[in-house]
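# Breakdown of the fold
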Amino acid sequence: MKIVFVNACFIDQELFDNDFEEQKWHVHSKYKNSFNIQDERKQQLVVVTTTNYPFMPNGIYLEAADFSQILATVEIGEQITWQQNSLHFSKNHLFLMHGKRYSSVMETIGEIVDTSLENLFLCSNVLINETGSQHTLAEFVESNNPFSEAIQQLCLEERSQLESGLEFLLGRGLGLTPSGDDMIVGHLAARLLLRKKSAIVNGLLTELLSEQTPTTDISKHYLLCALSGRFSEPVLKLVDVLTTNSTKEQIEKAVRTVISVGHTSGVDLLAGLLTTIKFFESK
């Protein structure tokens, strides 16, 4: 049996900054273009994929050919040893130390530029892509549908309203990351962007994401990352163009990159972000 040795091309800095090597790991799930590994406490998820995809929190990126070799042999449930910046599977070894590091953290950001925000709404208003709730972005932001109403509840500081909004959204929808969860991620990104962080929202969401969480492990991972200010590369780029004097074309490019993620994940995230911005900007 041939043993495969592979080097990572890119890796999230966070994977070097925490005690990941101290945990026991296993293969959590496996797909056509990625697989996920999870720690024994079910608190951390790491995605292994190819350089064809944007950077995600806790990501490890390989050349397509190297990824295919590993994907062909890993099995769901397989135990993994993580030591000395290397992942040791039963039939192959993945070395992390040579991978170029990137950050998934939303760094200190400037103020939103009014013209850039205006261009964001202009761009979003003409998109025909639908959210998981089957609304275009323009319809979603302008209409009083249950999803947008729940996001608006998250913008309040009344505990009962926040609980109601989170309980409606969390785990609601189809897919690996349900629409309601993607909208919450967009809401949390908007709060950071607007400097409207809420200890109550964060506390309640952390509580809901306990062992009895009503959503998927993968979605839980991205929600926990958002709570700690960590997002995918497309979201970070959108924040960057909104806080600089960007052209309409730059805004459109950033929006297209966001909505290209998943089936409706990117559109749902934008729906949460836009609804939150509109709520706070109207006050």
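Residues numbered from 1 in each chain as written. Predicted model: local features only at pLDDT ≥ 70, side-chain atom pairs only at ≥ 80, totals over all residues. Heavy atoms only, no water.

## Points about the overall build of the protein
Along the backbone of the protein there are 12 helices and 10 strands. Here the C-alpha radius of gyration of the protein, 19 Å, is about what a compact globule of 283 residues would show, namely 19 Å. Projecting the C-alpha coordinates of the protein onto the three principal axes gives extents of approximately 60 × 40 × 35 Å. Classification of the 283 residues of the protein by burial places 53% in the buried group. Nonlocal contacts in the protein, meaning residues at least 24 apart in sequence, comprise 65% of its contacts between residues at least 6 apart. Split by element, the accessible area of the protein, about 13300 Å² in all, is 49% carbon and sulfur. The positive charge centre, built from 23 side chains, and the negative charge centre, built from 35, are 3 Å apart in the protein. (Helix = DSSP H or I, 4+ residues; strand = E, 2+ residues; numbered from the N terminus. Rg over C-alpha atoms; globule rule 2.2 N^0.38 Å. Buried < 20%, exposed > 50% of the residue type's maximum accessible area, 1.4 Å probe, protein only. Contact = heavy atoms within 4.5 Å. Areas by Shrake-Rupley, 256 points an atom, 1.4 Å probe, with all protein chains shown as cover. Lys, Arg positive; Asp, Glu negative; His and termini not counted. Charge placed at Lys NZ, Arg CZ, Asp CG, Glu CD.)

## A short note on the sheet that holds strand S6 (residues 59–62)
Judged by pairing direction, the sheet is mixed, and its 10 strands sit side by side in the order S1-S9-S8-S7-S3-S4-S5-S6-S2-S10 without closing on themselves. Bordering the open sheet on either side are strand S1 (4–7) and strand S10 (100–102), each of which pairs with just one other strand. If you compare each strand with its neighbour and ignore which way they point, the axes differ by 25 degrees on average. By the bridge criterion, three bridges tie strand S2 (residues 10–12) to S10 in an arrangement that is parallel. Of the residues in S10, the one forming a bridge with Phe 10 is Lys 100. Sitting on the sheet, helix H2 (residues 64–71) is in contact with S1, strand S3 (25–30), strand S4 (34–39), strand S5 (45–50), S6 and strand S9 (92–95), with an inclination near 60 degrees to S4. (Pairing = 2+ DSSP bridges. Axes fitted to C-alpha atoms, helices over the stretch in contact; angles between N-to-C directions.)

## Some details on the nonpolar core
Leu 120, Ile 184, Leu 205, Phe 231, Leu 238 and Val 255 are the most contacted members of the largest nonpolar core, which totals 57 residues. Setting aside anything within four residues of it in sequence, one finds Leu 120 in contact with Leu 238, Leu 242, Ile 251, Val 255, Leu 273 and Leu 274. Grouped together as the second largest cluster of nonpolar side chains are 25 residues, Phe 16, Ile 37, Ile 80 and Trp 82 included. (Core = buried A, V, L, I, M, F, W, Y, C linked by side-chain atoms within 4.5 Å.)

## Notes on the environment of Ala 189
Within the element layout of this structure, Ala 189 appears in helix H7 (residues 179–194). Along the backbone, Ala 189 and Gly 272 are 83 residues apart, and their C-alpha atoms lie at a distance of 8.9 Å. Those residues within four positions of Ala 189 in sequence are excluded, and the remaining contacts are Met 106, Phe 231, Val 235 and Leu 273.

## Comments concerning the pattern of salt bridges
Applying the stated rule across the entire model yields nine salt bridges. Across the pair Glu 142 and Lys 278 runs a salt bridge whose closest N-O atoms are separated by 3.2 Å. With a gap of 136 residues between them, Glu 142 in helix H4 (residues 137–142) and Lys 278 in helix H12 (residues 265–281) connect regions that are remote in the sequence. For the salt bridge of Glu 163 with Arg 159, the shortest nitrogen-to-oxygen distance reads 3.3 Å. With Glu 163 and Arg 159 both in helix H6 (residues 159–169), this residue pair falls four residues apart, about one helical turn. Accessibility expressed as a relative area gives 44% for Arg 159, which makes it partly exposed. Each of Asp 12, Glu 14 and Arg 230 takes part in salt bridges that share partners, so that together they form one network. (Salt bridge = Lys/Arg side-chain N within 4 Å of Asp/Glu carboxyl O.)

## What to know about the pairing of S5
Burial analysis of S5 places six of its six residues in the buried class, which makes it a mostly covered element. Residues of S5 alternate between two faces, with Leu 45, Val 47 and Thr 49 on one and Val 46, Val 48 and Thr 50 on the opposite face, all of them buried. Summarising the sheet, S4 and S5 pair through five bridges and their orientation is antiparallel. Directly across from Ile 37, in S5, lies its bridge partner Val 46. Across four bridges, the pairing between S5 and S6 is parallel. Paired with Thr 49 across the two strands is Tyr 61, which belongs to S6.

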